[in-house]
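The lines below spell out each chain.
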Amino acid sequence: MLPIRDRGFAHPIASEITPHDAFREGRRRLLASAAALALPAHAAAAGPGKRTPLAATRSNVAGAVVMDRPTSYADITGYNNFYEFGTDKGDPARHAAALRTRPWTVTVEGEVRRGATFDLDRLLALAPMEERIYRLRCVEGWSMVIPWIGYSLAELVRRVEPTGNARYVQFVTLADGAQMPGLRSSVLDWPYVEGLRLDEAMHPLALLAFGLYGEVLPNQNGAPLRLVVPWKYGFKSTKSIVRIRFVERQPPTSWSRAAPQEYGFYANVNPQVDHPRWSQADERRIGEDGLFARRRPTLMFNGYAAQVASLYAGMDLRRAF
Ligand code: MTE
């Protein structure tokens, strides 16, 4: 999604499909043994290449579990956008292993009564972990279905008690040139920043994710914690968050700073509003590649309209793109 020059789509990596039944069975066992698996918080620290289980129970938030077949683990962890590690889809898997995710803190500040610096262990214990199976639609025209683990961002927002002045929330990614070779490129302003309106951030589907496929997040997917906003294009889902700021005015975001005509603040998935350089009417589901693979129609709000459309009542979504 480089601004200015269209790179075209990167070639998809070979898919290693996780048989659906195997995943369902694995998930059933995982959920059944959630209590047995309740790990001490420190066990959730994944070292390079290590895969660590993360227990969760099934979410009962409306819309939190879509019925689409989940994308394979290999594709979810091998085909990524994480520009701090390079702009090629394979770069994050190649370079993010060295990211140190312990110790890790997240500073919550600005228009809040109880601002604080939270240690990762405190965040892991803040609310029960739930499994959510979300569609993720990238503005580049591809999509995946990802079984995340985490809890609603609202759990954290409520605990820090936003003041009456807080209208927006800004999310800031780690920017450490020693660990992130992509920072040598000026393709974006670093650190990577994104934002939501406070009511969007409070919506129960907005997820603070710590894991996927029953395990602690792999680094390339935004370890140790990232945002997931399933009704918006993937670029809103900030990875490896270190700072959350509550503010009065709409905060700048990395993509709209780089190319304001192309990437707006709202970034709601909307098949009726095309990106200036490509259509948003349909999408390629990663893992369904092949000569006769059909493109899927893109759904309004990525299929979450029943849950989120009311947030935008009365807004012109062509202007507020
Ligand atoms: N977060 C950071 N810090 N840096 C990034 O480059 N890319 C975004 C988003 N979050 C990005 C980021 C984009 S464009 C997408 S599509 C999703 O992450 C991809 O998430 P995934 O690799 O877990 O599928």
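Residues numbered from 1 in each chain as written. Predicted model: local features only at pLDDT ≥ 70, side-chain atom pairs only at ≥ 80, totals over all residues. Heavy atoms only, no water.

Visitor: Tell me what's going on with the site of the ligand, and back it up with residues and numbers.
Guide: Surrounding the ligand, one finds 15 residues, the nearest of these being N80, Y83, E84, S237 and K239. Note that an oxygen atom of the ligand is positioned 2.8 Å from one of the side-chain N or O atoms of N80. Residue S237 places a main-chain N or O atom 2.8 Å away from a nitrogen atom belonging to the ligand. When the free accessible area of the ligand is taken as 530 Å², the share hidden by the protein chains comes to 100%. Per-class residue counts for the shell around the ligand are six nonpolar, six polar and three charged. (Near = heavy atom within 4 Å. Polar contact = N/O pair within 3.5 Å; in protein donor to acceptor, adjacent residues only side chain to side chain. Areas by Shrake-Rupley, 256 points an atom, 1.4 Å probe, with all protein chains shown as cover. Nonpolar A, V, L, I, M, F, W, Y, C, P; charged D, E, K, R; others polar.)

Visitor: Pulling in residues and values, what's your account of the pattern of salt bridges?
Guide: With the rule as written, the count across this model stands at 21 salt bridges. Residue R94 pairs with D88 through a salt bridge whose shortest N-O separation is 3.4 Å. (Salt bridge = Lys/Arg side-chain N within 4 Å of Asp/Glu carboxyl O.)

Visitor: Residue-level account of unusual backbone geometry, with values.
Guide: Generally, phi is negative for residues other than glycine and the peptide bonds are trans, each holding for most cases. Cis peptide bonds are those with omega within 30 degrees of zero, and the linkage from R102 to P103 qualifies with -15 degrees. In this structure, P103 sits in the loop between α4 (91–95) and β2 (105–110). Looking along the chain, the bond that leaves W190 and enters P191 is cis, with omega of -5 degrees. Relative to the elements of secondary structure, P191 occurs in the loop between β6 (168–173) and β7 (193–197). Positive phi outside glycine occurs at S240, with the angle close to 45 degrees. Tracing the sequence through the fold places S240 in the loop between β10 (226–228) and β11 (241–247). For A267, which is not glycine, the phi torsion reads 55 degrees and is therefore positive. (Helix = DSSP H or I, 4+ residues; strand = E, 2+ residues; numbered from the N terminus.)

Visitor: Give me the sheet that holds strand β3 (residues 116–119): which residues, what numbers.
Guide: In sheet architecture, strand pairing relies on hydrogen bonds along the backbone and comes in two forms, parallel and antiparallel. The mixed open sheet is built from five strands, whose spatial order is β3-β2-β11-β6-β7. The open sheet terminates on both sides in strands that have one partner only, identified here as β3 and β7. Pairwise comparison of adjacent strand axes, ignoring direction, gives a mean angle of 20 degrees for this sheet. (Pairing = 2+ DSSP bridges. Axes fitted to C-alpha atoms, helices over the stretch in contact; angles between N-to-C directions.)

Visitor: Give a description of the nonpolar core that names residues and reports values.
Guide: Membership of the largest hydrophobic core comes to 93 residues, with the highest contact counts inside it found for W148, L153, F210, W231, F235, I244 and F246. Discounting residues that sit within four places of it in the chain, F246 has contacts with V108, E109, G110, E111, V112, V157, V160, P162, A166, Y168, V169 and L198. (Core = buried A, V, L, I, M, F, W, Y, C linked by side-chain atoms within 4.5 Å. Buried < 20%, exposed > 50% of the residue type's maximum accessible area, 1.4 Å probe, protein only. Contact = heavy atoms within 4.5 Å.)

Visitor: Just give me the short version of the side chain of E262, but keep the residues and values in it.
Guide: Mapped onto the fold, E262 is located in the loop between α8 (254–258) and β12 (282–285). Within polar-contact distance, the side chain of E262 engages the side chain of R277 at 2.6 Å.

Visitor: An account of the pairing of strand β4 (residues 130–137) is requested, with residue identities and associated values reported.
Guide: Walk down a regular strand and you will see the side chains alternate between the two sheet faces. Most of β4 sits out of view: eight of its eight residues are buried. Alternating residues of β4 divide into E130, R132, Y134 and L136 and E131, I133, R135 and R137, and every residue in both groups is buried. Note: strand β1 (residues 57–58) against β4, two bridges, orientation parallel. Bridge pairing links R58 to E131 in β4. Across eight bridges, β4 lies against strand β5 (residues 142–152) in antiparallel orientation. Within β5, the position partnered with E130 by the bridge is G150. Adjacent in sequence and paired antiparallel, β4 and β5 are bridged by four residues, among which G141 carries a positive phi angle near 105 degrees.

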